[in-house]
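# Fold and geometry: a report
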Amino acid sequence: MKNNQYIRQVINLSDKIDDRKKFHEEAGNLLIKMGQDKGFWFEVFKANLVDKGFLQRKWTMYEIPFFYIYENNDFYVKAHLFVPLKTYEPHVVASAIHHHNNYILSSFAAYGSGYEGILFEKNVEINPITKEVKLKIKEHFTQTDKPLHMVDAWEPHVVINPTSLSATLVLWSPDKKRTTDSFRSNPILKAIKAPLRKLIYTLGIDKKVGIAAKETYQFYVTDNKFYAVLEEDYFAPTRQQDGENVNDYSVQTLFAFMQRMQFNNYDFLKLLKTNNDVPKYYHKWIDMLLNNQPIPDTYAKEVINVPNGRMMVKDILDADKALNTQ
């Protein structure tokens, strides 16, 4: 979607503004305009549904259902879809507390109830033996009250399940422009990614070249205290959840959102069914759109990979209060 009017403006801003936070501040207004433009959404849907790589994607439960929008070496834009629990219960955490390493994130709540979020201070202290963590809440908000927000690089935060299907437009960029940013799209370097990362960690230049730390942690609450767990251990179970059911779940979520956005290009939908790149399991969702048959909600995971399987907002607030009274 490089030629889309909004994306062209984001590209121009990125080229002109080296300071990445200022870039995000300026681009936030464009995210709002994109999210409020139904024609933009229809363009996004069509661009993804004619892309063979997207159509034949093998989804996992590690991923949030999404639509691609644009990517270059300096930033990328996507649409993320967040789904409620089957009970539509509020204040249940969707995943562990985490940060995005050296990436800055701007998010605009474009559709639905939006989610509840909590941001934490960056100065995270981890006990190397017990893995107990000192986290301090910086901000607690809902996307209803704050539809556009920014999460800084290395800033821990957590997303709480929405109470209805919700969509956000997200803009990501490294916290600095680096000459090494182009390495991410270099096919030769991608082929030797594992040994190259090992060399970077050995040399201790991971932050300089802008890659994730060797040991990245997720955080959770148990017994009124915050604890750290290695990211690779936390995500291992959901990364392994894939296959036909997960593919179908992800695409159902996409089509449910398209229907709620009133996508009605029936000629385009009919042509999709004649495209051999479109997997057969797409057809039932295409037919439901064509026939104006309501596509049911999909639901968030009932348990996440933390002790007891779930974490509530109250758990986080209580742990924060306990730390502040020590």
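Figured I'd write up the structure that's included with this text. (Residues numbered from 1 in each chain as written. Predicted model: local features only at pLDDT ≥ 70, side-chain atom pairs only at ≥ 80, totals over all residues. Heavy atoms only, no water.)

Helix and strand counts for the chain stand at twelve helices and twelve strands. The 326 residues of the chain split such that 48% are buried. Intrachain contacts of the chain at a sequence separation of at least 6 include 77% that bridge at least 24 residues. Of the roughly 16,500 Å² of accessible surface on the chain, 50% is carried by carbon and sulfur atoms. (Helix = DSSP H or I, 4+ residues; strand = E, 2+ residues; numbered from the N terminus. Buried < 20%, exposed > 50% of the residue type's maximum accessible area, 1.4 Å probe, protein only. Contact = heavy atoms within 4.5 Å. Areas by Shrake-Rupley, 256 points an atom, 1.4 Å probe, with all protein chains shown as cover.)

A word on the nonpolar core. Within the largest apolar cluster, 58 residues are counted, with the highest numbers of intra-cluster contacts made by Phe67 and Phe255. The leading source of residues in this core is helix α9 (residues 244-260), at eight residues. Phe67 has contacts with Val44, Phe45, Asn48, Phe54, Lys78, Ala79, Leu81, Leu254, Phe257 and Met258, leaving out every residue within four places of it along the chain. If you look at the next biggest cluster of nonpolar residues, it comprises 26 residues, including Val221, Ala228, Tyr234 and Val313. (Core = buried A, V, L, I, M, F, W, Y, C linked by side-chain atoms within 4.5 Å.)

To continue, consider the sheet that holds strand β11 (residues 217-222). Read from one edge to the other, the open sheet built from four strands follows the order β5-β6-β12-β11, with strand pairing classed as antiparallel. Looking at strand neighbours, the two that pair on one side only are β5 (125-126) and β11, the edges of this open sheet. Along the sheet, helix α8 (residues 231-239) contacts β11 and β12 (225-230); its crossing angle with β12, the most-contacted strand, is approximately 75 degrees. (Pairing = 2+ DSSP bridges. Axes fitted to C-alpha atoms, helices over the stretch in contact; angles between N-to-C directions.)

Another point: the pattern of salt bridges. For the structure shown, the criterion picks out twelve salt bridges. Linking Glu139 and Lys146 is a salt bridge whose minimum nitrogen-to-oxygen distance equals 2.6 Å. In this structure, Asp297 engages Arg260 in a salt bridge whose closest nitrogen and oxygen atoms are separated by 2.9 Å. One end of the pair, Asp297, is in the loop between α11 (283-290) and α12 (313-324); the other, Arg260, is in helix α9, and 37 residues separate them in sequence. The class of Arg260 is partly exposed, set by a relative accessible area of 28%. (Salt bridge = Lys/Arg side-chain N within 4 Å of Asp/Glu carboxyl O.)

We now examine the packing of aromatic side chains. Using the criterion set out here, one finds 28 aromatic pairs in the structure. Their ring planes at 50 degrees and their centres at 5.7 Å tell us that Phe23 and Phe75 sit as a pair that is tilted. Separated by 52 residues along the polypeptide, Phe23 in helix α2 (residues 20-35) and Phe75 in the loop between β1 (66-71) and β2 (76-82) bring together distant segments of the chain. Residue class for Phe75 comes out buried when judged on its relative accessible area of 2%. (Phe/Tyr/Trp six-rings, centres within 6.5 Å; stacked < 30°, edge-to-face > 60°.)

The subject of this paragraph is unusual backbone geometry. Most peptide bonds take the trans configuration, and most residues that are not glycine carry a negative phi. With phi around 50 degrees, Asn101 is a residue other than glycine that occupies positive phi space. By secondary structure assignment, the location of Asn101 is in the loop between β2 and β3 (103-111). Given the relative accessible area of 10%, Asn101 is considered buried. We note that Gln262 has phi near 65 degrees; this positive angle belongs to a residue other than glycine. Looking at the secondary structure, you find Gln262 in the loop between α9 and α10 (266-272).

Remark: α9 packs on α11, axes separated minimally by 10 Å, with the N-to-C direction vectors making an angle of 15 degrees. Relative to α11, the element α9 is oriented roughly parallel. Crossing handedness for the pair α9 and α11: right-handed. Here α9 contributes Asp248, Val251, Gln252, Phe255, Met258 and Gln259 to the contact with α11, which in turn contributes Lys284, Trp285, Ile286, Met288 and Leu289. (Parallel < 35°, antiparallel > 145°, perpendicular 65-115°, else oblique. Left-handed = near helix turned anticlockwise from the far one by under 90°.)

Let us now look at the environment of Ser113. Counting through the fold element by element, Ser113 comes out in the loop between β3 and β4 (116-120). Ser113 sits in the partly exposed class, given a relative accessible area of 24%. In the structure, Ser113 is positioned 31 residues away from Thr144 in sequence and 6.9 Å away in space, judged by C-alpha atoms. Aside from chain neighbours lying at most four places away, what touches Ser113 is Thr144, Pro162, Thr163, Ser164, Leu165 and Ser166.

On to α2. In this model α2 runs 21 Å from its N-terminal to its C-terminal C-alpha over 16 residues, within 8% of the 22 Å that 1.5 Å per residue would give. Of all bends in α2, the biggest is about 30 degrees, found at Ala27. When α2 is considered as a whole, its buried residues turn out to be Arg20, Phe23, His24, Ala27, Gly28, Leu30, Leu31, Met34 and Gly35. If you check the start of α2, you find a side-chain oxygen 3.0 Å away from the backbone N of Lys21, and it comes from Asp19. (Expected span 1.5 Å × (residues − 1). Bend = angle between axes of the 7 residues up to and from the residue. Polar contact = N/O pair within 3.5 Å; in protein donor to acceptor, adjacent residues only side chain to side chain.)

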